[in-house]
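Residues per chain, in single letters:
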2 protein chains.
Amino acid sequence: MEGVVITDLKRISTPKGDVLHAMKCTDVGYCGFGEVYFSEIAHGERKGWKRHNRMTLNLVVVSGAIRFIIYDDREDSMTCGMFEEVTLSPEGRYARLTLSPGLWMAFEGVGEGRSLLMDIIPEPHDPNEADRKDVDEIEYRL
Amino acid sequence: MEGVVITDLKRISTPKGDVLHAMKCTDVGYCGFGEVYFSEIAHGERKGWKRHNRMTLNLVVVSGAIRFIIYDDREDSMTCGMFEEVTLSPEGRYARLTLSPGLWMAFEGVGEGRSLLMDIIPEPHDPNEADRKDVDEIEYRL
């Protein structure tokens with residue numbers, strides 16, 4: 001989908017505990033540092049829909065597993081009307097999901113217990129910068 | 001200890017999963033973004049000693065619990081010869097540990113299973129920027 005980049009990340013094994021890369025300032029998708037925060041999601045729960053209108057998101061699942069659903073309703077986009085789905089996990093596909101502004105996104109906890117999502121955003125959190133819709137306001141069809 | 005700052009962080013409760021603050025570009029201790037990465041540590045294991053000579057570290061425990069031991073051997077420091085210890089956890093004391101360059105640090109997994117540490121550094125990882133000593137090379141006495 002236009003505006004979605006998935007970058008596989010390195011996980012370096014050590015006997016005492018692995019080292020997991022997340023993001024460098026020289027990486028594709030990096031567009032400045034304003035804040036980093038974490039979002040927990042319980043198994044079977046879904047957060048969303050949310051659309052950021054100014055900020056690129058850089059998302060890394062650091063614990064558990066999370067399924068992302070992305071919806072494009074941008075009229076000038078070649079992929080307008082499309083949905084995309086990807087499941088990320090440090091035990092499965094360990095990758096960074098870069099989302100351009102203007103895309104709708106929801107995410108669901110599919111790991112056991114609590115899954116943990118890191119988000120790097122290029123400016124500090126601003127509640128007026130994002131739009132929200134209830135889970136059932138966008139009918140999801142892949 | 002000179003060069004150690006501990007900043008308590010907000011954890012915002014929601015029924016589907018909490019939101020955990022980590023760092024903003026306007027926070028005390030922020031000195032640029034070069035990389036963010038994660039270090040796992042198994043229960044009872046200890047990583048360290050390590051000393052960064054140029055970079056400030058900003059450390060947040062996002063899963064489990066980790067005990068940090070910091071040692072100051074900087075001759076020009078008011079706290080030269082001192083040790084400091086702090087245990088951080090998203091379930092206990094949820095805080096960011098900011099460490100100035102020149103301090104020795106070791107950390108130990110004290111949570112059940114795997115604990116997870118986030119580190120924000122002001123430049124991409126450079127192995128020549130840090131010194132290392134084995135765990136038993138610095139005798140730890142609080």
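Everything quoted here is computed from the prediction, not taken from an experiment.

Q: What am I meant to see in the overall build of chain A here?
A: Helix and strand counts for chain A come out as zero helices and twelve strands. For chain A, the N- to C-terminal ordering of α and β elements is β-β-β-β-β-β-β-β-β-β-β-β. Over its C-alpha atoms chain A spans a radius of gyration of 15 Å, differing by no more than 12% from the 14 Å that the globule rule assigns to 142 residues. Structurally, chain A occupies a C-alpha span of about 50 × 35 × 30 Å along its principal axes. For chain A, buried positions account for 34% of its 142 residues. Pairs at least 24 apart in sequence give 82% of the contacts found in chain A among residues at least 6 apart.

Q: I keep staring at the sheet that holds strand E9 (residues 95-99) of chain A and nothing clicks. Help me out?
A: Paired through backbone hydrogen bonds, the strands of a sheet run either parallel or antiparallel to each other. The antiparallel open sheet is built from seven strands, whose spatial order is E1(A)-E9(A)-E6(A)-E11(A)-E4(A)-E3(B)-E2(B). What marks the edges here is a single partner per strand, and that holds for strand E1 (4-8) of chain A together with strand E2 (11-12) of chain B. Pairing between strand E6 (residues 57-63) of chain A and E9 of chain A: four bridges, direction antiparallel. Of the residues in E9 of chain A, the one forming a bridge with Asn58 of chain A is Thr98 of chain A.

Q: Looking at this structure, I do not really get the interface of chain B and chain A. What am I missing?
A: By a widespread convention, an interface's size corresponds to the accessible area lost as its parts come together. In this assembly, 30 residues from chain B lie in contact with 30 residues from chain A. Elements supplying a minimum of two residues to the side of chain B that touches chain A: strand E3 (19-24), strand E4 (35-42), strand E6 (57-63) and strand E11 (114-121) of chain B. Looking at which element gives the most residues to the side of chain B that touches chain A, the answer is E4 of chain B, with eight residues. Partitioning the side of chain B that touches chain A into residue classes produces 15 nonpolar, seven polar and eight charged.

Q: Looking at this model, I keep getting lost on the confidence of the model for chain A. Mind explaining?
A: Predicted coordinates in areas of low pLDDT are best not read in detail. Looking at chain A, the pLDDT average stands at 96 and 99% of residues meet or exceed 70. If you check the scores for this complex, the pTM reads 0.96 and the ipTM reads 0.94.

Q: Could you clarify how one ought to interpret the sheet that holds strand E12 (residues 130-132) of chain A in this entry?
A: All names here are of chain A. A sheet is described by the order of its strands in space; here five strands give the open sequence E8-E7-E10-E5-E12, paired in antiparallel fashion. Two strands lie at the open edges of the sheet, namely strand E8 (83-88) and E12, each paired on one side alone. Ignoring strand direction, the axes of neighbouring strands in this sheet form an average angle of 25 degrees. Examined bridge by bridge, strand E5 (residues 46-52) and E12 share three bridges and lie antiparallel to one another. Within E12, the position partnered with Arg51 by the bridge is Asp131.

Q: Got a minute to help me understand the nonpolar core in this structure?
A: Note that soluble globular proteins tend to have their nonpolar side chains buried in a common cluster. Leu117 of chain A together with Leu117 of chain B are the most contacted members of the largest nonpolar core, which has 60 residues in total. If near-sequence neighbours (up to four positions away) are discounted, Leu117 of chain B is found in contact with Phe38, Ser39, Ile41, Leu59, Val61, Ile66 and Phe107 of chain B.

Q: It is not clear to me how unusual backbone geometry should be interpreted in this structure. Could you clarify?
A: In most cases, non-glycine residues show a negative phi, while peptide bonds are predominantly trans. Trp49 of chain A follows Gly48 of chain A through a cis peptide bond whose omega is 0 degrees. Note on placement: Trp49 of chain A falls in strand E5.

Q: I'm lost on the relation of the copies chain B and chain A in this one. Help?
A: One copy of the chain maps onto the second through a rotation around an axis plus a translation along that axis. For the pair chain B and chain A, the best superposition has an RMSD of 0.0 Å and corresponds to a rotation of 180 degrees with a translation of 0.0 Å parallel to the axis. Such values leave the two copies arranged in the relation of a two-fold axis. Of every C-alpha in chain B, the one belonging to Phe33 of chain B sits nearest the axis of rotation, 3.2 Å from it. Taken together, the interface assignments show that 100% of the residues at the interface of chain B recur at the interface of chain A, consistent with an identical surface on both copies.

Q: I would appreciate a short explanation of the environment of Met82 of chain B in the present structure.
A: All names here are of chain B. Positionally, Met82 belongs in the loop between strand E7 (66-71) and strand E8 (83-88). On the basis of neighbour count, Met82 is assigned to the partly exposed category, with 15 C-beta atoms found within 10 Å. Here the alpha-carbon distance between Met82 and Glu2, two residues 80 residues apart in the chain, equals 9.8 Å. Setting aside its immediate chain neighbours within four residues, Met82 contacts Met1 and Asp72.

Conventions we followed
- Residues numbered from 1 in each chain as written.
- Chains lettered and ligands numbered in written order.
- Predicted model: local features only at pLDDT ≥ 70, side-chain atom pairs only at ≥ 80, totals over all residues.
- Helix = DSSP H or I, 4+ residues; strand = E, 2+ residues; numbered from the N terminus.
- Rg over C-alpha atoms; globule rule 2.2 N^0.38 Å.
- Buried ≥ 20, exposed ≤ 12 C-beta atoms within 10 Å, placed from the backbone.
- Contact = placed C-beta atoms within 7 Å.
- Pairing = 2+ DSSP bridges.
- Nonpolar A, V, L, I, M, F, W, Y, C, P; charged D, E, K, R; others polar.
- pLDDT = per-residue confidence, 0-100.
- Axes fitted to C-alpha atoms, helices over the stretch in contact; angles between N-to-C directions.
- Core = buried A, V, L, I, M, F, W, Y, C linked by C-beta atoms within 7 Å.
- Least-squares fit on C-alpha atoms with pLDDT ≥ 70 in both.

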